[in-house]
Amino acid sequence: MEQDSAAEDSVNNDSMDEDENKLSIKEEPDSQDEKENITANLSQASSCDYSMSQFSKTEPAFDDVKVDSNIKEEMDEQDSDEDIPLRSSFHNKSRLASRLSTAKRKMNDSDEDDDDDVPLSARKKMKTEKKKKKKQIMSDMEDEEDYIPKKKKQKKNVFSDDEEEDYKPIKKEKKKIESEEEDYNDLKKKKTAAKKVKKEPKSTVKSEKSEDSSPKKGRKKKEEDQPEVWKWWEEEKKDDGTKWHFLEHKGPVFAPPYECLPSNVKFFYDGEEIKLSESAEEIAGFYAKMLDHDYTSKETFNNNFFKDWRKSMTEKERSKITDLKKCNFKQMHAYFMDIAEKNRSRSKEEKQALKEKNEELMKEYGFCKIDGHNEKIGNFKIEPPGLFRGRGEHPKMGKLKRRLEAEDIIINCSKDSVYPKPPEGHKWKEVRHDPTVTWLASWTENVQNQVKYIMLNPSSKLKGEKDMMKYETARRLHSCIDKIRKEYREDWKSKEMRVRQRAVALYFIDKLALRAGNEKDEDQADTVGCCSLRFEHIELHEKKDDKEYVVVFDFLGKDSIRYYNEVPVEKRVFKNLQLFMENKQAGDDLFDRLNTAIMNKHLNELMEGLTAKVFRTYNASWTLQQQLDLLTNEDDTVAEKILSYNRANRAVAILCNHQRAVPKGHQKSMEKLKEKIEAKKENIRDAERQVKDAKREANNGSVKEKMVYDKKKKMLERLKDQLAKLEIQETDRDENKTIALGTSKLNYLDPRISVAWCKKYDVPIEKIYNKTQRDKFRWAIDMAGPDYRF
DNA sequence: ACGCCGACTTGTAGAGAAGAAG
DNA sequence: CTTCTTCTCTACAAGTCGGCGT
């Protein structure tokens with residue numbers, strides 16, 4: 001069959017490029033073998049392993065296809081980046097200029113595919129320019145705007161214990177607190193109980209949906225009793241667009257007011273001591289705290305900070321302080337470090353007191369009432385002011401994140417609830433009653449102008465329900481994935497450029513679990529996903545390390561994390577990519593007829609509720625299940641089973657490219673570990689000698705010596721065990737140094753798979769999920785039996 | 001049909017707590 | 001007990017995606 005398809009190739013080959021350019025592609029189905037090929041690939045693709053290394057075999061070679069020399073240069077340039085750090089800006093430079101050129105060319109060139117739709121990038125360009133202008137104007141205006149100093153707050157000696165006072169002091173409504181005390185104790189007890197009793201009973205004894213929204217005294221301390229959790233997943237679901245009928249909460253907790261520095265902490269400008277005004281001092285403090293962070297060595301960060309800082313200054317300060325380099329924050333920095341140190345070395349009592357205070361705050365503000373149940377809130381504290389820390393090369397890093405007041409906050413709650421009270425002398429921006437959204441409070445953050453929310457904890461019904469639906473959608477995808485895969489394979493041959501691009505992009509999304517890749521503004525870090533891939537992000541190799549048709553991806557994805565992958569692809573994909581890259585240069589969109597809206601619209605037609613990200617969920621969960629089936633051994637010890645689970649988890653994390661920075665001191669701790677292993681080996685050698693000696697003596701008879709011999713032998717075994725453990729630890733840690741398992745566990749793996757696995761193989765669920773995770777996945781824990789299949 | 005924005009999910013860093021080792 | 005390591009949890013940035021207004 002290989003021969004046949006090769007034959008087909010050779011027939012088409014000479015003219016193929018041109019053919020495809022004109023997109024006058026033969027309609028008739030490809031040869032039988034190709035079909036077989038497809039099915040083979042399909043079955044392999046769906047058969048499980050999506051982890052990087054195991055991509056389907058490629059088809060036979062065909063003649064060289066010329067690659068633009070431009071392209072080659074481009075590629076060579078980027079070849080040298082083996083050592084690019086996790087987060088990097090290496091793609092940034094050419095972007096703007098080239099985008100411009102793209103657009104120009106795109107607009108002038110009414111090129112090959114007149115029959116096709118208009119390239120999106122041309123329009124994109126124009127819009128970008130317009131936007132830029134608008135942004136410029138806006139930021140100009142903003143610059144002129146005077147900074148209005150916030151009103152003074154009472155000053156305190158900052159060295160006092162009050163420093164520790166967390167957020168807004170709680171008004172002592174003694175009675176109330178007491179009346180709830182009991183309840184609270186229950187909660188606390190539960191907490192400790194959960195900690196101590198490692199083997200929680202699996203299914204919690206629920207308080208038969210007792211409709212007491214505010215739990216009363218009657219509730220006695222059964223440890224399993226979880227007042228804030230009920231079996232919502234057994235309730236009938238109503239789907240009328242409303243998310244709740246009754247919602248009541250206490251409102252957000254504000255950041256504590258600013259306290260001035262003690263007078264012995266000084267600030268110098270150009271060698272001269274300057275007493276800063278309060279507002280300027282506060283912001284200087286934000287910077288001083290970060291002095292030993294990498295951020296402060298970045299130009300963008302410094303510029304943005306300095307600009308915003310000057311806005312907060314008085315006229316006099318502003319005229320004096322004109323150069324950040326002449327600022328000396330050393331004393332301030334030392335002061336903050338000192339405080340941090342003191343905080344770290346707090347006594348037990350202090351820590352305890354602090355903890356209690358926090359718990360009280362949590363108790364008061366951390367819960368809300370929603371449709372007859374108490375639910376935990378996710379983030380009930382308003383974000384404190386500070387300097388914006390964008391990831392990667394963010395153009396706005398270092399800008400001041402304003403302090404928020406009640407006047408900035410919109411409250412969402414039931415009309416018939418007790419509204420939260422704004423702090424003394426303040427008013428909410430608005431109180432609304434919108435049951436179609438799930439947030440309790442929101443505000444607009446000033447750096448990026450984005451809305452931020454206060455929402456429920458993942459353990460809540462609202463979140464859990466959504467989470468479950470997500471996995472249900474992914475499972476639905478499972479039932480039609482074969483059809484979809486077949487379809488996009490067909491589409492690689494389509495006459496229409498946009499269909500081909502869509503099909504190839506979908507292939508990447510499916511196979512590599514790439515993100516969709518929305519367009520981004522100019523004032524955000526330059527990162528991409530599948531649909532926004534640009535010319536410079538992939539390289540094509542006919543042959544690489546004895547693999548054929550290799551595509552090398554190298555780009556910065558979400559959070560500016562580098563995605564690097566060498567993927568052998570099918571011939572058709574490869575040829576299509578060559579086609580897409582023709583007449584393009586760095587900065588041009590690879591898929592110029594495609595964006596996420598188009599992709600998702602198409603996907604939705606294939607299956608209701610299907611979007612690009614479902615593929616990530618689907619492939620992650622599917623991989624986990626496959627890997628677990630593959631790796632788990634019935635007779636293994638629990639520890640070994642857990643190792644298998646972690647391996648499966650790791651496979652998923654690799655698929656999803658969940659990386660982390662190498663932990664600080666990884667190198668060092670590795671060395672230490674190695675030393676330890678060496679020492680252990682030495683010990684073992686020593687012990688072996690001793691055993692030998694002992695044996696000799698034991699042979700001479702006496703009982704005592706025999707005992708000594710036995711002892712020594714046991715010792716030796718123990719040592720060997722320890723060594724083995726250390727070595728496992730070593731490899732494990734090294735493999736894990738750049739891989740983050742948490743994200744996939746939390747967001748991509750259907751918890752029911754894990755739960756089922758635990759139940760089937762008798763692994764306690766606590767070994768897999770910690771307390772928070774168990775809370776979040778309670779629905780799955782209660783719901784899935786050992787036979788659950790994704 | 002497009003571009004903007006609101007709502008919600010996903011993602012990492014880093015602080016602090018807990019656990020292990022010395 | 002102290003110190004170093006690992007685990008847990010929070011904070012908040014940065015994605016996805018749908019809907020709405022133009």
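Here is what the cut-offs are and how they apply
Residues numbered from 1 in each chain as written. Chains lettered and ligands numbered in written order. Predicted model: local features only at pLDDT ≥ 70, side-chain atom pairs only at ≥ 80, totals over all residues. Heavy atoms only, no water. Helix = DSSP H or I, 4+ residues; strand = E, 2+ residues; numbered from the N terminus. Expected span 1.5 Å × (residues − 1). Buried < 20%, exposed > 50% of the residue type's maximum accessible area, 1.4 Å probe, protein only. UniProt positions renumbered as here; feature names shortened; annotations may be inferred. Contact = heavy atoms within 4.5 Å. Polar contact = N/O pair within 3.5 Å; in protein donor to acceptor, adjacent residues only side chain to side chain. Near = heavy atom within 4 Å. Nonpolar A, V, L, I, M, F, W, Y, C, P; charged D, E, K, R; others polar. Core = buried A, V, L, I, M, F, W, Y, C linked by side-chain atoms within 4.5 Å. Phe/Tyr/Trp six-rings, centres within 6.5 Å; stacked < 30°, edge-to-face > 60°. Lys NZ or Arg CZ within 6 Å of the ring centre and 35° of its normal. Pairing = 2+ DSSP bridges. Axes fitted to C-alpha atoms, helices over the stretch in contact; angles between N-to-C directions.

A closer look at helix H11 (residues 348–365)
- Between the first and last C-alpha of H11 there are 25 Å, a value that for 18 residues agrees with the 26 Å anticipated at 1.5 Å per step.
- Regarding H11, the residues found buried are Leu354, Glu359, Leu361, Glu364 and Tyr365.

Some details on the UniProt feature "coiled-coil region" (unreviewed entry) in chain A
- UniProt feature "coiled-coil region" (unreviewed entry): in the numbering of this structure it lies at residues 337–364 and 667–736.
- The span residues 337–364 is 89% helix and 0% strand, and its two end C-alpha atoms sit 32 Å from each other.

Re helix H10 (residues 330–344)
- Over its 15 residues, H10 runs 21 Å from end to end, which matches the ideal 21 Å to within 8%, given 1.5 Å per residue.
- Buried residues belonging to H10 abut strand S2 (267–269) and helix H7 (278–289).

Brief notes about the environment of Gln501
- Its location among the elements puts Gln501 in helix H13 (residues 497–512).
- Placed 90 residues apart in sequence, Gln501 and Phe591 show a C-alpha to C-alpha distance of 5.8 Å.
- Excluding residues within four positions of it along the chain, Gln501 makes contact with Phe580, Leu590, Phe591, Asp592, Arg593 and Leu594.
- Separated by 2.8 Å, the side chain of Gln501 and the backbone nitrogen of Arg593 make a polar contact.

Considerations on the protein's contact with DNA strand C
- Surrounding DNA strand C, one finds 30 residues, the nearest of these being Arg391, Lys452, Lys520, Arg733 and Thr772.
- Between DNA strand C and Thr611, the relevant distance is 2.7 Å, taken from a phosphate oxygen to a side-chain nitrogen or oxygen of the residue.
- Take Lys613: an N or O atom from its main chain is 2.8 Å from a phosphate oxygen of DNA strand C.
- Class assignment of the residues belonging to the surface near DNA strand C gives a composition of four nonpolar, 13 polar and 13 charged.

Here's the deal with the environment of Lys483
- Along the chain, Lys483 turns up in helix H12 (residues 461–491).
- Overall, the relative accessible area of 47% leaves Lys483 in the partly exposed class.
- Spatially, the C-alpha atom of Lys483 lies 9.2 Å from that of Leu606, the residues being 123 residues apart in sequence.

Overview of the nonpolar core
- Phe508, Phe553, Leu577 and Phe591 are the most contacted members of the largest nonpolar core, which totals 83 residues.
- In terms of residue count, the dominant contributor to this core is H13 (nine residues).
- Contacts of Phe553, omitting those with residues within four sequence positions, involve Phe508, Leu512, Leu514, Leu533, His537, Ile538, Tyr563, Tyr564, Asn565 and Val567.
- Counting residues in each nonpolar core, the second largest holds 32 residues, with Ile274, Ala280, Ala288 and Phe301 among its members.

Things to note about the packing of aromatic side chains
- With the rule as written, the count across this model stands at 27 aromatic pairs.
- Judged by centre distance (5.2 Å) and plane angle (40°), the ring pair of Tyr645 and Trp757 falls under tilted. Here Tyr645, found in helix H17 (residues 638–655), pairs with Trp757, found in helix H21 (residues 751–761); they are 112 residues apart in sequence, far enough to count as distant.
- Taking the relative accessible area as the measure of exposure, Trp757 reaches 4% and is therefore buried.
- Members of the aromatic cluster, connected to one another through ring pairs, are Phe267, Tyr287, Tyr295, Phe301, Phe305, Phe306, Trp309 and Phe329.
- We note Lys289 situated over the ring of Phe336; from NZ or CZ to the ring centre the distance is 4.8 Å.

Brief notes about the sheet that holds strand S10 (residues 430–432)
- As summarised here, the arrangement of the four strands in space is S10-S9-S11-S12, forming an open sheet in which the pairing is mixed. Two strands bound the open sheet, and with one partner strand each, they are S10 and strand S12 (450–454). Across the sheet, the mean angle separating the axes of adjacent strands is 25° when strand polarity is ignored.
- Here strand S11 (residues 441–445) runs beside S12; their pairing, made up of five bridges, is antiparallel.

Details of the pairing of strand S5 (residues 367–370)
- By the bridge criterion, two bridges tie strand S1 (residues 247–248) to S5 in an arrangement that is antiparallel. Looking at S5, one finds that Leu247 is bridged to Ile370.
- Direction of pairing for S5 relative to strand S6 (residues 373–376): antiparallel, over a ladder of four bridges. Across the sheet, residue Lys369 finds its bridge partner in S6, namely Asn374.

Section: the pairing of S11
- With respect to burial, S11 is a largely interior element, four of its five residues being buried.
- Bridge analysis of strand S9 (residues 410–412) against S11 gives two bridges, and the strand direction is antiparallel. Across the sheet, residue Ile410 finds its bridge partner in S11, namely Ser442.
- What sits between the antiparallel neighbours S11 and S12 is a turn of four residues, in which Asn449 has the positive phi angle 60°.

Focus: the sheet that holds strand S14 (residues 547–556)
- With antiparallel pairing, three strands are arranged side by side in an open sheet as S13-S14-S15. Each of the sheet's edge strands pairs with one partner strand only, and the pair in question is strand S13 (538–544) and strand S15 (562–568). Taking the axes of each pair of neighbouring strands and ignoring which way they run, one obtains an average angle of 15° across the sheet.
- Summarising the sheet, S13 and S14 pair through six bridges and their orientation is antiparallel.

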